[in-house]
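Examination of the molecular architecture
In case you want the letters, here they are:
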Amino acid sequence: MLAGLVFLGLAQAQNPFSLGMAYAPKPPLAFEQTQPPGLPLERPPWDRLLFGPAPEGYRGLAISARLLAWSVPWTIAGSTLGLYSDDPWQRSFWLTNSVWAAVNSGIALVGLLGPEPDKNGLRDLLYINAGLDVLYIAGGVLLALQPDARSQGAGWAIVLQGSWLLLFDLFNALALEQP
């Protein structure tokens, strides 16, 4: 009789490999939850972070991933082209691009490794950065108007990087305005 009860208990037990009843794990208790309710349990895949609308609850992560996707190729290309160029204008242009992109890569990595920021705080930070981007562009134009080729190359690189960052920051800040 005991063997019959054990067999009956095993037959009714659910496991993820049975062909019988569907397996549904118990929901975690309130004190076991590590994320706020409403957020997915896992980070979205890279393609979801890089393309399309940023997933709710992962907007800061998506912005950091997109910044990293821009800055890493610029760091590599700028370093390579700058180090192999003999022309002072091109060398300065590419190496300045590389340095700016490397700094952006560092900022993106901090964003990827840190906690998800508050939506309003992130939006405000992006608007502040957009204001700083305008100053970078103005400084780059002043540098580009100098008579020597090295200053001109660096100045145009700063204008290019600052202009892209201005568009990037404004686009993402405006996207955070929407609910």
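Below, the structure is looked at part by part.

Conventions adopted
Every chain's residues receive numbers from 1 upward, in the order its sequence appears when written. Reporting of local features is limited, given that this is a predicted model, to residues whose pLDDT is at least 70; pairs of side-chain atoms are given and counted only at 80 or more, and all residues count toward the totals for whole chains, interfaces and linings. Remark: hydrogens and water are excluded; side-chain values derive from all non-hydrogen atoms of the structure. Orientation is described by lines fitted to C-alpha atoms, with helices fitted over the stretch in contact, and by angles between N-to-C directions that extend from 0 to 180 degrees. Secondary structure elements are defined from DSSP: runs of H or I of at least 4 residues count as helices, runs of E of at least 2 residues count as strands, and each element is numbered from the N terminus. Geometric relationships in this document are graded by angle, where less than 35 degrees denotes roughly parallel, more than 145 denotes roughly antiparallel, 65 to 115 denotes roughly perpendicular, and other angles denote oblique. Helix crossings fall into two classes, left-handed where the near helix is turned counterclockwise from the far one by less than a right angle and right-handed where it is turned clockwise. Here a residue-residue contact requires only that any non-hydrogen atoms of the pair lie within 4.5 Å. Under the scheme applied, nonpolar residues are Ala, Val, Leu, Ile, Met, Phe, Trp, Tyr, Cys and Pro; charged residues are Asp, Glu, Lys and Arg; polar residues are all the others, including Gly. What makes a nonpolar core is a set of buried Ala, Val, Leu, Ile, Met, Phe, Trp, Tyr and Cys residues whose side-chain atoms join them at distances within 4.5 Å. When a residue's accessible area, from a 1.4 Å probe over protein chains only, is under 20% of the maximum for its type it is buried; when over 50% it is exposed; and in between it is partly exposed. Both cavities and pockets are sets of points on a 1 Å grid over the protein atoms alone; in a cavity a 1.4 Å probe fits but cannot get out, in a pocket the set is open with protein on both sides within 12 Å along at least five of seven lines, and lining residues sit with an atom within 4 Å of a point. Grid points are joined across faces, edges and corners, and a volume is the space filled by probe spheres set on the points. In summary, the pairing rule links any two rings of Phe, Tyr or Trp, Trp by its six-membered ring, whose centres are within 6.5 Å, and it sorts them by plane angle into stacked for under 30 degrees, edge-to-face for over 60 and tilted for everything else.

Right, let's get into the packing of helix α3 (residues 59-84) against helix α6 (residues 149-177). Where α3 contacts α6, the two axes come as close as 12 Å, and the packing angle between them is 165°. In terms of axis orientation, α3 runs roughly antiparallel to α6. Once α3 is placed against α6, the crossing between them reads as right-handed. Of α6, the residues touching α3 (which contributes R59, I63, R66, L67, W70 and W74) are L160, Q161, W164, L165, F168, N172 and L176. Looking at the contact of α3 with α6, its residues break down into nine nonpolar, two polar and two charged.

To continue, consider the packing of helix α4 (residues 88-113) against α6. One can describe the packing of α4 onto α6 by two numbers: an axis separation of 7 Å at closest approach and a directional angle of 35°. α4 and α6 meet at a crossing whose hand is right-handed. Here α4 contributes P88, W89, S92, F93, T96, N97, W100 and N104 to the contact with α6, which in turn contributes A149, R150, Q152, G153, A154, W156, A157, I158, L160, Q161 and L165.

You can see S98 is positioned in helix α4. Among residues more than four places away in sequence, those in contact with S98 are W74, T75, G78 and S79.

Moving on, we get to the nonpolar core. Judged by nonpolar contacts, the single largest core of 14 residues is most densely connected at I63, L67, L112, L122, L126 and L176. If you list the elements that add at least two residues to this core, you get α3, α4, α5 (119-144) and α6. When residues of this core are assigned to their parent elements, the largest contribution, five residues, is made by α3. Once residues within four sequence positions are removed from consideration, L122 is found in contact with R59, G60, I63, P117 and L176. Grouped together as the second largest cluster of nonpolar side chains are six residues, F93, W94, A101 and A157 included.

The subject of this paragraph is the layout of surface pockets. The volume enclosed by the largest pocket comes to roughly 540 Å³. For the largest pocket, the lining is made up of 24 residues, of which L67, I107, A108, L125 and N129 are closest to its centre. By residue class, the composition of the lining of the largest pocket is 16 nonpolar, six polar and two charged.

Attention shifts here to the packing of aromatic side chains. For the structure on display, the rule yields seven aromatic pairs. Ring centres of W70 and W164 lie 4.0 Å apart, and the angle between their planes is 0°; this geometry places the pair in the stacked category. One end of the pair, W70, is in helix α3; the other, W164, is in helix α6, with 94 residues separating them in the sequence. Aromatic side chains W74 and W94 sit 6.0 Å apart centroid to centroid with 25° between the ring planes, which places their arrangement in the stacked category. On the criterion of sequence distance, the pair formed by W74 in helix α3 and W94 in helix α4 is long-range, its members being 20 residues apart. Ring pairs connect the aromatic residues W70, W74, W89, F93, W94, W164 and F168, which therefore count as one cluster.

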